[in-house]
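Structural overview
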Amino acid sequence: MLKKLVNQANLDIRITPLDPLLIRSGQPTVGGVDMSFVRTYRFGDRAQPYIPGSSLKGVLRSYAEKICRSLRDQPVPVCLPYLKPDDAADGETGQASCGLRLEKYKKDHTVKMIATNQVYRLSCPICRLFGSHNFMGRLATADAYLADPPAVLEIRDGVAIDRHTGGAAPGAKYDLEVLTRGSFTTTVEIKNFERWQLGLLALVLRDMEDELVRLGFGKSRGLGRVRAEICRFQLVSYNAGLAGLSGLAGRCSQEEIDAYGLFPETPAPEAPLPEPQRDFLRFTYDITAGWRQVLEPAVADLVTYVSQVPWPQDLDEFVRRGGPA
Ligand SMILES: [Zn+2]
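Being a predicted model, the structure only gives us computed values, none of them experimental.

**Some details on the coordination of the zinc ion**
Expected angles at a metal are 109.5 degrees for tetrahedral coordination by four donors and either 90 or 180 degrees for octahedral coordination by six donors. Surrounding the zinc ion are the protein donor atoms Cys79 (SG), Cys98 (SG), Cys124 (SG) and Cys127 (SG), at 2.3 Å. Each of the four donor atoms around the zinc ion contributes to a set of angles spanning 102 to 113°, which defines the coordination as tetrahedral. Each donor residue of the zinc ion belongs to the same chain, with the gaps between them written as C-x18-C-x25-C-x2-C. One end of the pair, Cys79, is in the loop between α1 (53–71) and α2 (98–108); the other, Cys127, is in helix α4 (residues 125–130), and 48 residues separate them in sequence. As far as the burial class goes, Cys79 and Cys127 line up, both buried.

Here it is in structure tokens:
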């Protein structure tokens with residue numbers, strides 16, 4: 001993305017499980033449990049349960065994907081991140097992974113590299129924010145570590161959990177290690193955001209606050225419902241203050257807007273921000289208290305952007321034409 005850092009969103013989030021939670025470990029298990037909770041050595045020598053940042057990012061990504069799909073039917077506005085270009089089954093046409101399509105393009109045309117601005121311009125809304133095989137994406141999630149109160153872990157019978165939700169439970173009996181009490185804290189960061197991206201994040205966070213998002217194993221069996229609390233939400237603008245809520249398009253030249261295919265911000269009658277805290281060339285806007293209202297113009301951008309995004313036609317064209325126009 002742009003070589004200079006223009007803006008950044010910083011969030012602290014607290015995640016509290018409301019149902020038993022199991023983030024599975026890929027490692028051999030402790031004490032013969034079939035599925036144990038993933039742990040890490042953070043302080044000292046006692047392994048502590050945690051939620052890897054990559055798992056959190058995966059959940060945010062698939063939830064955001066669902067939101068985008070609900071905003072436009074045809075063509076579907078986002079890719080399926082694992083779908084190879086030639087593997088599309090019925091109903092998946094035009095949804096092959098942005099990253100894999102560009103990889104294939106490079107192979108077919110013996111091209112070493114595609115410029116970052118091109119990759120960004122040709123990527124679907126989700127890959128623009130979360131990244132793909134070709135670039136990192138803007139959003140990063142840190143590992144979530146335990147905070148107070150102390151965590152409680154229990155071993156549950158996997159079959160019993162099925163019975164608990166009323167489903168039939170054929171098959172072998174197995175044990176699960178679930179977290180039944182505790183809280184995790186983590187940070188989420190978006191560097192160089194477009195305004196619509198804050199809108200997408202806002203919709204995901206709203207549903208996380210409203211207890212609609214599930215994490216980890218057994219989502220369909222009554223596991224993993226969590227409540228998120230946004231403890232800090234700051235927008236930082238570098239080198240210039242903002243007149244109102246705006247993202248990259250509000251700060252970049254027309255040339256940069258065209259090069260990256262940035263979505264122009266829809267004129268909003270009012271997009272007020274609180275007074276910034278100024279630290280030399282850094283302007284920090286704390287929107288923790290009223291973020292749902294502050295980000296309304298960003299949600300409006302998202303709705304327009306996703307309904308109009310030229311993806312996947314522009315990617316089709318790029319691949320067919322064999323390069324930029
Ligand atoms: Zn994509």
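Back to the text.
**A look at the pattern of salt bridges**
For the structure on display, the rule yields 20 salt bridges. Across the pair Arg195 and Asp301 runs a salt bridge whose closest N-O atoms are separated by 2.7 Å. You can see Arg195 sitting in helix α6 (residues 195–209) and its partner Asp301 sitting in helix α10 (residues 296–308), a full 106 residues away along the chain. Of the two residues, Arg195 and Asp301, both sit in the buried class.

**Some words on the packing of aromatic side chains**
Going through the model one piece at a time under the given rule, you end up with eight aromatic pairs. For the pair Phe233 and Trp291, a centre-to-centre distance of 6.0 Å together with 35° between the ring planes defines the contact as tilted. Here the residue Phe233 occupies a position in strand β7 (residues 226–238), and Trp291 occupies one in helix α9 (residues 291–294), the gap between them amounting to 58 residues. The same class applies to Phe233 and to Trp291, which are both buried.

**Thoughts on unusual backbone geometry**
Of note, the bond from Gln74 into Pro75 is cis; its omega dihedral lies within 30 degrees of zero at -15°. Mapped onto the secondary structure, Pro75 falls in the loop between α1 and α2. The amide bond that connects Trp311 to the next residue, Pro312, takes the cis arrangement and shows omega of 5°. You can see Pro312 is positioned in the loop between α10 and α11 (313–321). Of note in this structure, Glu211 is not a glycine but carries a positive phi near 65°. Tracing the chain through its elements places Glu211 in the loop between α6 and β7. A positive phi angle is found at Asn239, which is not glycine, with a value near 70°. Along the chain, Asn239 falls in the loop between β7 and α7 (248–251).

**Digging into α10**
Given a rise of 1.5 Å per residue, 13 residues ought to cover 18 Å, and the 19 Å separating the end C-alpha atoms of α10 matches this to within 8%. Those residues of α10 not exposed but buried are Pro297, Ala298, Asp301, Leu302, Tyr305 and Val306. Viewed along the axis of α10, the buried residues span an arc of 160°, placing them on a single side of the element. Buried-residue contacts for α10 involve α1, α4, α6 and α9.

**Focus: the packing of α6 against α10**
Remark: α6 packs on α10, axes separated minimally by 7 Å, with the N-to-C direction vectors making an angle of 100°. In terms of orientation, α6 and α10 fall into the roughly perpendicular class. Contact residues: Arg195, Trp196, Leu198, Gly199, Leu200, Ala202 and Leu203 in α6; Pro297, Ala298, Val299, Asp301, Leu302 and Tyr305 in α10. Of the residues contributing to the contact of α6 with α10, the split by class is 10 nonpolar, one polar and two charged.

**Focus on the packing of α1 against α10**
The geometry of α1 relative to α10 is characterised by a closest axis approach of 9 Å and an angle of 70° between their N-to-C directions. The pairing of α1 with α10 is recorded here as roughly perpendicular in orientation. Judged by the sense of rotation from one axis to the other, the crossing of α1 with α10 is right-handed. Contacts from Ile67, Cys68 and Leu71 in α1 reach Leu302, Val303, Val306 and Ser307 in α10. Here the contact of α1 with α10 is composed, by residue class, of six nonpolar, one polar and no charged.

**Some thoughts on the pairing of strand β9 (residues 282–286)**
When β7 meets β9, the two strands line up antiparallel, connected through five bridges. Bridge pairing links Leu235 to Tyr285 in β9. In this sheet, β9 lies alongside strand β8 (residues 277–279) in antiparallel orientation, the contact comprising three bridges. The partner of Asp279 across the bridge, within β9, is Arg282. Hairpin connection from β8 to β9: two residues lie between these consecutive antiparallel strands, with Phe280 at a positive phi of about 50°.

**Things to note about the environment of Ala243**
Note on placement: Ala243 falls in the loop between β7 and α7. On the accessibility criterion, Ala243 (89% relative accessible area) is exposed. Between the C-alpha atoms of Ala243 and Asp34, which are 209 residues apart in sequence, the distance is 56 Å.

Quick notes on the rules
Residues numbered from 1 in each chain as written. Predicted model: local features only at pLDDT ≥ 70, side-chain atom pairs only at ≥ 80, totals over all residues. Heavy atoms only, no water. Donors = N, O, S within 2.8 Å, 3.2 Å for Na, K, Ca; no water. Tetrahedral: all angles 85-135°; square planar, octahedral: opposite > 155°, others 65-115°. Helix = DSSP H or I, 4+ residues; strand = E, 2+ residues; numbered from the N terminus. Buried < 20%, exposed > 50% of the residue type's maximum accessible area, 1.4 Å probe, protein only. Salt bridge = Lys/Arg side-chain N within 4 Å of Asp/Glu carboxyl O. Phe/Tyr/Trp six-rings, centres within 6.5 Å; stacked < 30°, edge-to-face > 60°. Expected span 1.5 Å × (residues − 1). Arc of directions from axis to C-beta. Contact = heavy atoms within 4.5 Å. Axes fitted to C-alpha atoms, helices over the stretch in contact; angles between N-to-C directions. Parallel < 35°, antiparallel > 145°, perpendicular 65-115°, else oblique. Nonpolar A, V, L, I, M, F, W, Y, C, P; charged D, E, K, R; others polar. Left-handed = near helix turned anticlockwise from the far one by under 90°. Pairing = 2+ DSSP bridges.

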